[in-house]
Amino acid sequence: MNDRDESGRIELWISAAIEQAEKSWNEGGIPIGAVLVDEQGDIVARGHNERVQSGDPILHAEMTCIRNAGRRRDWSRCTMVSTLSPCPMCSGAAVLYRIPRVIVGEHKTFMGAEDWMRSNGIELVVLNDSRCIALMQRLLREKPDLWAEDIGR
């Protein structure tokens, strides 16, 4: 696959993750979304932050996406795509399941455990996508207390 094909696929994946983030925002939640992609490049699971909607503090977008993926044996050949840099909990899930690549929509708003993921052999691709940045800026502007709660501050 050439670089142009790969960038086109990444655009599709991040757009799908953004759709999930927007779904969460429209439900009154945190605008973060994620998708899991198999080795053929197909999206096999989607998830959005459901912490507010469900009252469950563990249901970050990546965790919901992993739950929605169900039992799998191909984690080590998948890619996780998230609109925001994964927090330590979500990074831990990527390390635990040996997901080899994580594509991050943005890390300007929040820098997760990226160095730790890298030290565990995960390839990180940071897009700094303007749409992802805008989603988080809106959250920080309109619901700063909700964001502080989400990241344990």
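Residues numbered from 1 in each chain as written. Predicted model: local features only at pLDDT ≥ 70, side-chain atom pairs only at ≥ 80, totals over all residues. Heavy atoms only, no water.

## A word on the side chain of Gln-20
Here is step 1: Examined against the element boundaries, Gln-20 turns out to sit in helix H1 (residues 3-26).
Here is step 2: In this structure Gln-20 comes out as buried when scored by relative accessible area, which is 11%.
Here is step 3: Ignoring sequence-local partners within four residues, the contact set of Gln-20 consists of Ile-32, Gly-33, Ala-34, Arg-46, Gly-47 and His-48. (Helix = DSSP H or I, 4+ residues; strand = E, 2+ residues; numbered from the N terminus. Buried < 20%, exposed > 50% of the residue type's maximum accessible area, 1.4 Å probe, protein only. Contact = heavy atoms within 4.5 Å.)

## Brief notes about the packing of aromatic side chains
Here is step 1: One pass over the full model with this rule turns up two aromatic pairs.
Here is step 2: Between Trp-75 and Tyr-97, the aromatic rings sit 4.9 Å apart at their centres with planes inclined by 35°, giving tilted as the arrangement. Of the two residues, Trp-75 sits in the loop between helix H3 (61-69) and strand E3 (79-82) while Tyr-97 sits in the loop between helix H4 (88-96) and strand E4 (101-104), which places them 22 residues apart along the sequence.
Here is step 3: For Tyr-97, a relative accessible area of 34% puts it in the partly exposed group.
Here is step 4: Ring centres 5.8 Å apart and planes at 85° place the aromatic pair Phe-110 and Trp-147 in the edge-to-face group. Taken together, the positions of Phe-110 in the loop between E4 and helix H5 (114-119) and Trp-147 in helix H7 (residues 144-150) put the pair 37 residues apart, joining distant regions of the chain. The burial state of Phe-110 is the same as that of Trp-147; both residues are buried. (Phe/Tyr/Trp six-rings, centres within 6.5 Å; stacked < 30°, edge-to-face > 60°.)

## Considering the nonpolar core
Here is step 1: Residues Leu-36, Met-80 and Trp-147 are the most contacted members of the largest nonpolar core, which totals 30 residues.
Here is step 2: Secondary-structure elements contributing two or more residues to this core are strand E1 (33-37), H3, H4, E4, helix H6 (130-142) and H7.
Here is step 3: Contact partners of Met-80, with chain neighbours within four places excluded, come to Ala-34, Val-35, Leu-36, Glu-62, Cys-65, Ile-66, Ile-99, Arg-101, Val-102 and Ile-103.
Here is step 4: Formed by 13 residues, the second largest nonpolar core is a distinct cluster that contains Ile-10, Ala-17, Ile-18 and Val-81. (Core = buried A, V, L, I, M, F, W, Y, C linked by side-chain atoms within 4.5 Å.)

## Some remarks on the state of the cysteines
Here is step 1: This model, assessed by the stated rule, comprises zero disulfides.
Here is step 2: Free of any disulfide, Cys-78 has its nearest cysteine sulfur in Cys-65, 9.5 Å distant.
Here is step 3: Since its relative accessible area comes to 1%, Cys-78 is described here as buried.
Here is step 4: With no disulfide of its own, Cys-87 lies closest to Cys-90 among cysteine sulfurs, the gap being 3.7 Å. (Disulfide = S-S within 2.5 Å.)

## Things to note about the sheet that holds strand E5 (residues 123-126)
Here is step 1: Across the sheet, five strands lie side by side as E2-E1-E3-E4-E5; this open sheet has mixed pairing. Looking at which strands have only one partner, the edges of the open sheet turn out to be strand E2 (43-48) and E5. Within this sheet the neighbouring strands show an average axis-to-axis angle of 15°, counted without direction.
Here is step 2: Across four bridges, E1 lies against E3 in antiparallel orientation. Across the sheet, Val-35 pairs through a bridge with Val-81, a residue of E3.
Here is step 3: H3 rests against E1, E2 and E3 of the sheet, and its axis sits at about 140° to E2. (Pairing = 2+ DSSP bridges. Axes fitted to C-alpha atoms, helices over the stretch in contact; angles between N-to-C directions.)

## As for empty space enclosed by the protein
Here is step 1: Applying the stated criterion across every chain yields a total of two cavities of 30 Å³ or more.
Here is step 2: Computed from the structure, the largest cavity encloses a volume of approximately 100 Å³.
Here is step 3: Forming the boundary of the largest cavity are 13 residues, of which Ile-32, His-60, Glu-62, Leu-84 and Asp-150 lie nearest the centre.
Here is step 4: Taken together, the elements giving at least two residues each to the lining of the largest cavity come down to H3 and H7.
Here is step 5: Looking at the lining of the largest cavity, its residues break down into eight nonpolar, three polar and two charged.
Here is step 6: As for the second largest cavity, its lining consists of Glu-62, Ile-66, Met-80, Pro-86, Cys-90, Ala-94 and Val-102. (1 Å grid on protein atoms, 1.4 Å probe; cavity = no way out; pocket = protein on both sides within 12 Å on 5 of 7 lines; lining within 4 Å. Points joined across faces, edges and corners; volume = space filled by probe spheres on them. Nonpolar A, V, L, I, M, F, W, Y, C, P; charged D, E, K, R; others polar.)

Shape descriptors only; they carry no functional weight alone.
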